[in-house]
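# Analysis of the macromolecular model
What follows is the residue order along each chain.
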Amino acid sequence: MTPAPDRLLAMYAGMLRVRLFEERVRELFAGGRIPGFLHTSVGQEAVAVGVCAALRPDDYVLSTHRGHGHLVAKGGSLRGLMAELYGKANGICHGKGGTMHIADASVGYLGANGVLAAGCVLAPGVGLSIKHRRSGQVVVAFFGDGAANRGPFHEGVNLAALWKLPVIFVCENNRWASTSAHALSTAGGSIAARAAGYGIPGESIDGNDVLAVWDAVTRAAARGRRGDGPSLVEAHTIRWVGHFEGDPQAYRSKEEVAAGRRTDPVARLERLLRDAKVLDDAHAQRVRDGIVAEIDDAVAHAEASPLPEPHEALTDLFASYPWRD
Ligand SMILES: Cc1ncc(C[n+]2csc(CCOP(=O)(O)OP(=O)(O)O)c2C)c(N)n1
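What this report covers is the structure whose coordinates are included nearby.

## Some details on helix α8 (residues 210–226)
- If you check α8, its first and last C-alpha atoms are 24 Å apart, about what 17 residues at 1.5 Å a residue would give, namely 24 Å.
- Against the buried residues of α8 lie α1 (5–30), α2 (45–53), β3 (167–173), β6 (202–206), β7 (231–236) and α10 (265–275).
- A positive backbone phi angle near 90° is found at G227, which sits one or two residues after α8.

See the structure below:
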């Protein structure tokens, strides 16, 4: 199955948007403009974009500590996200979520999460709500290869499989869990193969091929919407940058990172589009210029936005319950 040319172009622009956004975030962080501690997803764009391109706008995603790309791909506003990373009052969560606790329910982004594999146990809850409402939606739980070795992954997959919930578990296997190599920390080798233990489909795919990701998630979403239950997709990709910004990466070689860059998912789709005569130099430049202008605007907006007022420190921290007020 191959998407129409306009959808391919949208995937290309989507990946470039994530790439350029994350690269700008890295620069801003290094220059001291963005506070705190953050993880970027440079190199992993095909997973975020391939997954979200296969979803409906009203579908949900549960993200991770490396979640900017997931939010951008799900349709989150660059202005709102950038201002949030700055901790400013105009951010999506009014500056109180930051990189690791941002959420934007308006686009179905139910939250980044600093707790590894937390999305795997939240997803069955979301899936149960979908099932009760018979809304035909699906929910994606993103998690890393390191997170797949935590209990919540197994608990979440078990429950979703038992109750046939419309959940798609998407493992972004970028070969490293912080400083721990996948091969030295993961029994059995394959995370996708763990699906068999729960009686659900598990697929291992090239996560640097946006079309392979889109195809696998399109099928998993159709299965979820039919009421047949969850799927597990293991997308093999590469983190081009440190685990966190400022990571000296003493645990891996420069050659490994250089080899990773040769599998560039953005350049790969660009080549395909150029070969198919769907994209030429002028068009590619227009796409890039448009994205750069949008990022410039998001940075200007974040810089100009105020910090939250001290008296607002406790506002929006707790959900309001309809039966209370
Ligand atoms: C429950 C829990 N344990 C430990 C950590 C600290 N920690 C943050 S990121 C990370 C590695 C995560 O690796 P992986 O799941 O593969 O995701 P990646 O960082 O590669 O995207 C660890 C151990 C945490 N955030 N949560």
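So that's the structure; there's more coming.
## Section: the site of the ligand
- Within the structure, the ligand sits among 14 residues, and G144, G146, A147, A177 and S178 are positioned closest to it.
- Here the shell around the ligand is composed, by residue class, of five nonpolar, seven polar and two charged.

## Section: the nonpolar core
- V140, A141 and V170 are the most contacted members of the largest nonpolar core, which has 87 residues in total.
- Sort the elements by how many residues they give to this core and α1 lands first, with nine residues.
- Non-local contacts of V170, meaning those with residues more than four positions away in its chain, are made with V47, V51, V140, A141, F142, V233 and A235.

## Observations regarding the packing of helix α4 (residues 78–85) against helix α11 (residues 281–304)
- Across the interface, α4 lies against α11 with an axial gap of 8 Å and an inter-helix angle of 45°. In terms of orientation, α4 lies oblique with respect to α11. Read as a crossing pair, α4 and α11 show a hand that is right-handed. Residues L78, R79, M82 and A83 of α4 pack against E294, I295, D297, A298, V299, H301 and A302 of α11.
- By residue class, the composition of the contact of α4 with α11 is seven nonpolar, one polar and three charged.

## Considerations on the packing of helix α5 (residues 118–133) against helix α6 (residues 151–162)
- Look at α5 against α6: their axes get within 7 Å of each other, and the N-to-C directions meet at 20°. In this view, α5 runs roughly parallel relative to α6, as classed from their interaxial angle. Regarding α5 and α6, the two cross each other, and that crossing is left-handed. Residues A118, C120, V121, A123, P124 and G127 of α5 pack against P152, F153, E155, G156, V157, L159 and A160 of α6.
- Within the contact of α5 with α6, the residues separate by chemical class into ten nonpolar, two polar and one charged.

## Notes on the pairing of strand β2 (residues 139–144)
- With respect to burial, β2 is a largely interior element, six of its six residues being buried.
- Here β2 shows no split at all, with V139, A141 and F143 on one side and V140, F142 and G144 on the other all buried.
- Two strands pair when backbone bridges link them, and strand β1 (residues 60–62) and β2 are joined in this way by three bridges, in the parallel orientation. Looking at the pairing, V61 lines up with V140 of β2.
- Pairing between β2 and β3: six bridges, direction parallel. If you follow G144 over to β3, its bridge partner there is E172.
- Taken together, β2, α6 and β3 form a β-α-β motif whose crossover is right-handed.

Cut-off values and rules
Within every chain, residues take consecutive numbers counted from 1 along the sequence as written. Residues qualify for local features only when their pLDDT is at least 70, as the model is predicted, and side-chain atom pairs are given and counted only at 80 or more; totals for whole chains, interfaces and linings, by contrast, use all residues. Helical segments are the DSSP runs of H or I of at least four residues, strand segments are the runs of E of at least two, and each set is numbered from the N terminus. An expected span of 1.5 Å times one less than the residue number is assigned to each helix. Distance between backbone-placed C-beta atoms decides contact: two residues are in contact if it is within 7 Å. By definition, a residue lies near a molecule or strand provided its backbone-derived C-beta atom is within 6 Å of it. The classification used treats Ala, Val, Leu, Ile, Met, Phe, Trp, Tyr, Cys and Pro as nonpolar, Asp, Glu, Lys and Arg as charged, and all other residues, Gly among them, as polar. Joined through C-beta atoms within 7 Å, a set of buried Ala, Val, Leu, Ile, Met, Phe, Trp, Tyr and Cys residues constitutes a nonpolar core. For the exposure call, what matters is how many other C-beta atoms sit within 10 Å of a residue's own: 20 or more marks it buried, 12 or fewer exposed, and in between partly exposed, using C-beta atoms placed from the backbone. Helix axes are fitted to C-alpha atoms over the stretch in contact, other axes to C-alpha atoms as well, and angles between N-to-C directions run from 0 to 180 degrees. Oblique is the label for any angle not under 35 degrees, not over 145, and not in the 65 to 115 range, which are roughly parallel, roughly antiparallel and roughly perpendicular in turn. Two helices cross in a left-handed way if the nearer one is turned anticlockwise from the farther one by less than a right angle. They cross in a right-handed way if the turn is clockwise. Note: two strands are recorded as paired if DSSP finds a minimum of 2 bridges between them. Orient the strands so they point away from the viewer, and a crossover whose first-strand-to-second-strand path over the helix runs clockwise is right-handed.

This is a description of form; function is not addressed.
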